[in-house]
Structures are given as structure tokens and as C-alpha cells.
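Take a look at the letters that make up each chain.
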Amino acid sequence: MSAQNTLVLPYGGDAVAEAARLIRAGEPVAVPTETVYGLAADATSPAAIAQIYAAKGRPPFNPLIVHVALDDAERYGRFDTAGRALAGAFWPGPLTLVVPLREAGGLAAAVTAGLATVALRCPAHPAMQSLLAVAGRPLAAPSANASGGISPTRAEHVLASLGGRIPLILDAGPTARGIESTIVAVDERGARLLRPGPITLAELEAATSANVSQPFAAGDGRIEAPGQLRSHYAPAKPLRLDAGSADPDEWLIGFGPVTGDDNLSPSGNLDEAAAGLFEALHRADAQARPRIAVAPIPPDGIGLAINDRLRRAAAPREG
Ligand code: TXA
Ligand code: MG
């Protein structure tokens, strides 16, 4: 791919109009959501989807999340009672539902990597919502980082990772949640948590009045979300978990009473820790010290998602 000029525009009506023009021309555009910045393209266009995979260097067997306006979701996927209950409780918001694909919806086959299911999400962020409305089509959007890197929570992160490879970044400042959406598969086998995220297991179970199983936690290497390669959120440096203090060559990311060089939340607030997690990893990567250590994070609520991302960041890189 030849280098191109990457424009960064502050979010607003003109920026959305320009983004929608590029989307309709088959180009990918980086857009904030409430979780992380996404790299959006027309989900009905095979050529546009190919641009996402090329810009990210993403393996083609890893399917994409399709972002939709609230009323459009059932055009692309089949929802049973549990699926409707989850969509009703958490959309618009940081929840992705993997449901049986409706072929007649017209999504490009590369979006689902040929699977019989589709991952759908109705996002809450006004930038992504207005882009969906103005572009008038479903938008496939993975996180807007080069494949294998840390998800971007600011326009600056996108520029550092994909600058020169995409035409436009809409800048609406840091994202509110800071961690990717919760992914749940719903079908006749029930609801299964594929990726923990901002919507917690307890919230999912309350909305469905049923058990939500956690195949992602099995730890036996089986993956239902094909993209859940163990090392998927890697900083460039080695990372040590559950550190009570730092070795001399380590940059310590603290939490609560473990002070550290940086601290995810001095008061021990897990939502605050999630919102700042990737930013802290980006900062740690930029330090002179060659290693990163992270304080223990309790695995409660969104702490489950924080620990999931940290385990992946600490895993040796695959390929
Ligand atoms: O918060 C988010 O979810 C962000 C924002 C931009 O929406 N997006 C995001 O996308 O994190 P991405 O591509 O980085 O992660 C999507 C995950 C991948 O692990 C992929 O394998 C999984 O969703 N996925 C997509 N379609 C699937 C399907 N049909 N079945 C199982 N997993 C699927
Ligand atoms: Mg990603």
C-alpha cells in the first residue's frame, strides 16, 4: 500500500460529512466509539473491507464487528428471545452480539470471514452514530490499530499506528470506556461470553435471567472468536503481571495502594482503571525502561476484562 496523507479532523458536522463521503467511496476511516477507536468501512463492499484488512495487516480469517443503527440489526442477524433481551438492555452501548447471519442482508463475505454467524453492535458514541446515519450503510470496524497492537483510545494512538495508511481520523478525544466491547454469542445453545468487557457477566445474567457461560476462560486454547489469539493486545516490551513492586529495569503500572510509576486508579476504581488501561500501556511502551510490570487487579466486574487484556498483553507474540 502506498503512503498517503492522513487527515485528523475534530469531530463535528463537516468532519462526519467528509468521513461519509470517503466511506461511500470505499475508503476506511477511523472513528471513535465509547470503547476504542474503530477503523470503519462499508460492510456491504468487498473492496472496502479489503482495505481494512490491508491497512491493519490483519489475518483474513479474523472476522469483523458490524456496527449498525438500532433499528437495522435484525436485517443482518437472527435474534432469539435472549438476543433481543440483551440488545434491549444494552444497545446502544459497549456490547457485541454474535448471532446467526441473515445472508439476505447483503454483508460482504469477508466481513464474517465466511462464518455462518455475524458480530453486531449498536454503538452509543455520537460520532459513530452520526456516521452510520449519514453514510447510510452498516459499518464494519475493528479497533483502529495495526494487527497485534494495543487498541487506540485516542486519535494520537491511531495516527501513530495507522498514519500514512488511512485517509482520515475523526478526533473526539479520549474514549470513555477504554476497553473493547463485551462479546456474547447467542443461539439455541444459550448465551456465551466470548470476550469480557465493559458490560459485566452479572449485568448480562440479570438481563437474560439465565446463566451466561464463559468458554473464553477455559484456558485450554480453544477459541470461539477466531480473533481471540492469546497474544492480541501486545505492547512492544515484556510485561509482568501481579507485581507488588518494580524491579530496577521495570516501569510499574500501579493500582490502588500499589503506587507505581503510573497508577490506573489510586482509589482502586475499576471503571477508571479500564478507561486508562491502554493509555497506560502506550505510556509504558514509550519509557526508557525495557520492561513493564503491572500491579494486581481484582477480577471483579470489569476487572475480569482488565485481567483478560493484561494476560493477552503478557503472552508471547504469535507469529
Ligand atoms: O469495542 C469494540 O468491540 C471495538 C469497537 C471499534 O467497536 N471493536 C473491536 O473489534 O474490538 P476487533 O476486530 O478488534 O475485535 C472483534 C472481535 C475479534 O476477536 C473477532 O474474532 C470477533 O470479534 N468476531 C467477529 N465476528 C465474529 C463471529 N462471527 N464469531 C465470533 N467472533 C467474532
Ligand atoms: Mg482489535
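Rules behind the numbers
Residues numbered from 1 in each chain as written. Chains lettered and ligands numbered in written order. Predicted model: local features only at pLDDT ≥ 70, side-chain atom pairs only at ≥ 80, totals over all residues. Heavy atoms only, no water. Pairing = 2+ DSSP bridges. Helix = DSSP H or I, 4+ residues; strand = E, 2+ residues; numbered from the N terminus. Contact = heavy atoms within 4.5 Å. Axes fitted to C-alpha atoms, helices over the stretch in contact; angles between N-to-C directions. pLDDT = per-residue confidence, 0-100. Salt bridge = Lys/Arg side-chain N within 4 Å of Asp/Glu carboxyl O. Buried < 20%, exposed > 50% of the residue type's maximum accessible area, 1.4 Å probe, protein only. Core = buried A, V, L, I, M, F, W, Y, C linked by side-chain atoms within 4.5 Å. Parallel < 35°, antiparallel > 145°, perpendicular 65-115°, else oblique. Left-handed = near helix turned anticlockwise from the far one by under 90°. Nonpolar A, V, L, I, M, F, W, Y, C, P; charged D, E, K, R; others polar.

Trainee: Which residues make up the sheet that holds strand β13 (residues 250-254), and what are the values?
Mentor: The strand order across the open sheet built from 4 strands is β12-β15-β13-β14, with neighbouring strands paired in parallel fashion. Lying at the two open borders of the sheet, with one neighbouring strand each, are β12 (239-240) and β14 (262-263). In terms of strand pairing, β12 meets strand β15 (residues 291-294) through 2 bridges, oriented parallel. Paired with Arg-240 across the strands is Ala-293, a residue of β15. The sheet strands contacting helix α8 (residues 270-285) are β12, β13, β14 and β15, and the helix crosses β13 at an angle near 165 degrees.

Trainee: Can you tell me about the confidence of the model for the protein chain, naming the residues and giving the values?
Mentor: Averaged over every residue, the pLDDT of the protein chain is 92; the share at 70 or more is 93%. This stretch, residues 218-223, has a pLDDT under 50; its non-local contacts, to residues over four places away or in other chains, come to 2 contacts.

Trainee: Tell me about the pattern of salt bridges, and name the residues and values.
Mentor: The tally for this structure, following the rule as stated, stands at 17 salt bridges. A salt bridge links Glu-18 to Arg-21; the nearest nitrogen and oxygen atoms lie 2.9 Å apart. Separated by 3 residues within a single helix, Glu-18 and Arg-21 lie in helix α1 (residues 13-24), roughly one turn from each other. A relative accessible area of 24% places Glu-18 in the partly exposed class. Among the ionic contacts, a cluster of salt bridges with common partners joins Arg-154, Glu-156, Asp-262, Glu-279 and Arg-283.

Trainee: Give a detailed account of the nonpolar core, specifying residues and quantitative values.
Mentor: One broad rule of soluble globular proteins: the nonpolar side chains tend to lie buried together. In this structure, Trp-91, Leu-95, Leu-97, Leu-120 and Leu-204 are the most contacted members of the largest nonpolar core, which totals 45 residues. Sort the elements by how many residues they give to this core and helix α2 (residues 46-56) lands first, with 5 residues. Contact partners of Leu-120, with chain neighbours within four places excluded, come to Val-66, Val-68, Ala-73, Tyr-76, Gly-77, Phe-79, Trp-91, Leu-95, Thr-96, Leu-97 and Val-99.

Trainee: Explain the packing of α8 against helix α9 (residues 303-314) to me, using residue names and the numbers behind them.
Mentor: When two helices pack together, their arrangement is given by the angle between the helix axes and by the axis-to-axis distance. Look at α8 against α9: their axes get within 9 Å of each other, and the N-to-C directions meet at 25 degrees. With respect to α9, the element α8 is oriented roughly parallel. You can see that α8 and α9 cross each other, and the crossing is left-handed. Contacts between α8 and α9 involve Leu-270, Ala-273, Ala-274, Leu-277 and Phe-278 from the first element and Gly-303, Ile-306, Arg-309 and Leu-310 from the second. A per-class count over the contact of α8 with α9 returns 7 nonpolar, 1 polar and 1 charged.

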